[in-house]
Amino acid sequence: RIRIKPYLDTGHEFLLHPWHQYWYNDNMYNKFVDVGHCEQSLTRTINTFNSISGLEKNSDCLVYPGNSSDRDEVVEMCSNHVWMGIKSGGHCNTDLSHPYHMQRLAIDMNLGKDAIKKRIRDAVNQNAWIIFAMHISNFAIDDTVDNYSWTTGNLKDILQYAQNFGEFKKYSEVVSAFTLK
């Protein structure tokens, strides 16, 4: 809680993202792990998250690990615990008609910064909104700005580019705006 509090105090929000390994698929045997195991893991993740953050309000959204949202059983199980599910893949969203299939734009430097910026422009042209996602631990604290380096310099450049199109909103503000309509 001590490590997270400074980020919360400056306006950051954290969303649930269960551990990948054995959460929904046993890669060694390429088989689906039962939903009961997934639900137990999700409940444990929610409880741990709440005790660490001290903010229950952030436990209403799940960022699915890997491609688990491709399984109907996983989406149904998650709908019993959270209000929204954010998938990997996809790029942008235009409404909340399918709250368990929201798309996230991964800031994945393997794609290249130019490709990420193009996806941002495409979303703006579609009058859509983007949920940025990344594992921040992948980024080195480094001011290098190029097309493929996993640096905070590139991350800052991408976010400043996106901010040229409009202000950023917190997850909680976006959800409130949609649910009040």
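The preceding data block contains the structure.
A few points on the structure. As the structure is a prediction and not an experimental result, all values here were calculated from the model.

1. A look at the overall build of the chain
When helices and strands are tallied, the chain shows six helices and seven strands. Seen in sequence order, the chain has helices and strands lined up from the N terminus as α-β-β-α-β-α-β-β-β-α-β-α-α. Taking all 181 residues of the chain together, the buried fraction comes to 37%. Within the chain, contacts between residues at least 6 apart in sequence are counted, and of these 57% link residues at least 24 apart. Total accessible area computed for the chain in this model is approximately 10900 Å², and 51% of it derives from carbon and sulfur atoms.

2. Focus: the packing of helix α4 (residues 113-125) against helix α5 (residues 152-163)
Contact geometry for α4 and α5: axes closest at 10 Å, N-to-C directions at 20 degrees. Here α4 lies roughly parallel to α5, going by the angle between them. The two elements α4 and α5 meet at a crossing, and its hand is right-handed. On the side of α4, the interface is formed by K113, I116, K117, I120 and R121, while α5 contributes N154, D157, I158, Y161 and A162. Considered class by class, the residues forming the contact of α4 with α5 number five nonpolar, one polar and four charged.

3. Some details on the nonpolar core
L16, L42, L62, Y64, M77, C78 and V82 are the most contacted members of the largest nonpolar core, which totals 13 residues. Among the elements of the structure, α2 (35-53) and α3 (72-79) are those that each provide at least two residues to this core. In this structure Y64 touches H17, S69, V74, V75, C78, G85, I86, K87, Y100 and R104, once residues within four positions along its chain are discounted.

4. Here's the deal with unusual backbone geometry
In most cases, non-glycine residues show a negative phi, while peptide bonds are predominantly trans. Of note in the backbone geometry, N127 takes a positive phi value of approximately 55 degrees without being a glycine. Positionally, N127 belongs in the loop between α4 and β7 (132-133).

Each value, and the rule that gives it
- Residues numbered from 1 in each chain as written.
- Predicted model: local features only at pLDDT ≥ 70, side-chain atom pairs only at ≥ 80, totals over all residues.
- Heavy atoms only, no water.
- Helix = DSSP H or I, 4+ residues; strand = E, 2+ residues; numbered from the N terminus.
- Buried < 20%, exposed > 50% of the residue type's maximum accessible area, 1.4 Å probe, protein only.
- Contact = heavy atoms within 4.5 Å.
- Areas by Shrake-Rupley, 256 points an atom, 1.4 Å probe, with all protein chains shown as cover.
- Axes fitted to C-alpha atoms, helices over the stretch in contact; angles between N-to-C directions.
- Parallel < 35°, antiparallel > 145°, perpendicular 65-115°, else oblique.
- Left-handed = near helix turned anticlockwise from the far one by under 90°.
- Nonpolar A, V, L, I, M, F, W, Y, C, P; charged D, E, K, R; others polar.
- Core = buried A, V, L, I, M, F, W, Y, C linked by side-chain atoms within 4.5 Å.

Such coordinate-based values are descriptive only and should not be taken to indicate function.
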